[in-house]
Amino acid sequence: MKTTRTAALVSSLLLGAALALTGAGAAHADSAAVDYVALGDSYSSGVGAGNYDGSSGSCKRTPRAYPALWAAANAPSSFAFTACSGAKTHDVTNSQIAPLNSGTDLVSITVGGNDAGFADVMTTCVLQSESSCVNRVNQAKSYVDDTLPGRLDSVYDAIRQKAPSARVVVLGYPRFYKIGGSCVTGLTENERRAINGGADHLNAALAKRAADHGFTFADVRPAFTGHEICSGSSWLHSVKWLNIGESYHPTASGQSGGYLPTFRGAV
């Protein structure tokens, strides 16, 4: 009798272990069966993180960018990385969305900063007066209010049309400066506040349009808090005179410590 109960107990334990292993395997299989497409601008291609893929040319895609890092960690069944430095909304619809299809499960995108004139804002603020900087930021904010929503609608509609079942994660942009931080030269505090306010304004627009399309907005600002320029532990490049294109972009640490966990949490 004791032998029978022992055998039954062992059998139950083995069956439970087998079911647990089967469940774990199934969960892994479900994770691996993801078809993932990464769209967007330089914040998704990884400008600033270095180690660029030569075959991507001026798009400057890198394995240090958050989409490639996520793909390397999760081994999706397919991964199309079409994000490109300098991309605006029309560039995404014209040249990046070809890999999307009815089987696409996951899409990530950063876009809107270039449409709003990000590069010109920062050039104005670095090279011109405080009043010129603040005025240029305000011009960008007006563009975000008046024109950008329609352009975001166009690209978001195109994504949904080609990938009707995909989970779409729209990632935002960090604040650039720690106010009252360690910087003793460069922009004034008013300029830094204006630039941060512009980033907040853009993120609010992105979050609203994403929500209206049923997409997930992933806010990277919490992850970058304490790692802004002037923080003493920045995950963002300031002006890089010898490689100006990397200025005001996330470092490799900003991709792995800021964008990647934010995206992972949204997924």
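A short tour of the structure in this document, coming up. (Residues numbered from 1 in each chain as written. Predicted model: local features only at pLDDT ≥ 70, side-chain atom pairs only at ≥ 80, totals over all residues. Heavy atoms only, no water.)

We now examine the overall build of the protein. Within the protein one finds ten helices and five strands. Residues counted as buried form 45% of the 267 residues belonging to the protein. The contacts in the protein between residues at least 6 apart in sequence include a share of 72% that link residues at least 24 apart. Accessible surface, the protein: about 12,200 Å² in total, of which carbon and sulfur atoms supply 55%. (Helix = DSSP H or I, 4+ residues; strand = E, 2+ residues; numbered from the N terminus. Buried < 20%, exposed > 50% of the residue type's maximum accessible area, 1.4 Å probe, protein only. Contact = heavy atoms within 4.5 Å. Areas by Shrake-Rupley, 256 points an atom, 1.4 Å probe, with all protein chains shown as cover.)

Glancing now at the layout of surface pockets. Empty space within the largest pocket amounts to approximately 370 Å³. Lining the largest pocket are 19 residues, and of these Phe118, Ala119, Thr123, Ile244 and Ser247 sit closest to its centre. No other element matches the six residues that helix α5 (residues 118-127) contributes to the lining of the largest pocket. Of the residues in the lining of the largest pocket, the class split is ten nonpolar, eight polar and one charged. (1 Å grid on protein atoms, 1.4 Å probe; cavity = no way out; pocket = protein on both sides within 12 Å on 5 of 7 lines; lining within 4 Å. Points joined across faces, edges and corners; volume = space filled by probe spheres on them. Nonpolar A, V, L, I, M, F, W, Y, C, P; charged D, E, K, R; others polar.)

Bringing the packing of aromatic side chains into the picture now. Scanning the entire structure with this criterion turns up 16 aromatic pairs. Ring geometry for Tyr66 versus Tyr259: centroids 5.6 Å apart, planes at 20°, classification stacked. Of the two residues, Tyr66 sits in helix α3 (residues 66-74) while Tyr259 sits in helix α10 (residues 252-266), which places them 193 residues apart along the sequence. Taking the relative accessible area as the measure of exposure, Tyr259 reaches 0% and is therefore buried. (Phe/Tyr/Trp six-rings, centres within 6.5 Å; stacked < 30°, edge-to-face > 60°.)

Across the chain, the bulk of peptide bonds are trans and the bulk of non-glycine residues have phi less than zero. A positive phi is found at Asn51, a non-glycine position, where the angle reads about 55°. Here Asn51 shows up in the loop between α2 (42-45) and α3. The phi torsion at Ala75 lies on the positive side, around 45°, for a residue other than glycine. Tracing the sequence through the fold places Ala75 in the loop between α3 and β2 (78-81). What makes Ala75 partly exposed here is its relative accessible area of 45%.

The next subject is the packing of α3 against α10. At their nearest, the axes of α3 and α10 sit 9 Å apart, and the two run at 65° to each other. The hand of the α3/α10 crossing is right-handed. Contacts from Tyr66, Leu69 and Trp70 of α3 reach α10 at Gln255, Ser256, Tyr259, Leu260, Phe263 and Arg264. (Axes fitted to C-alpha atoms, helices over the stretch in contact; angles between N-to-C directions. Left-handed = near helix turned anticlockwise from the far one by under 90°.)

In terms of nonpolar packing, the biggest core is built from 65 residues, with Leu39, Tyr177 and Ile195 touching the most fellow members. With sequence-adjacent residues up to four places away left out, Ile195 is seen in contact with Met122, Cys125, Cys133, Val137, Phe176, Tyr177 and Leu187. (Core = buried A, V, L, I, M, F, W, Y, C linked by side-chain atoms within 4.5 Å.)

What follows is about α10. Between its first and last C-alpha atoms α10 spans 20 Å; for 15 residues at 1.5 Å apiece the expected length is 21 Å, and the two agree. For α10, the set of buried residues is Gly254, Gln255, Gly258, Tyr259, Leu260, Thr262, Phe263 and Ala266. (Expected span 1.5 Å × (residues − 1).)

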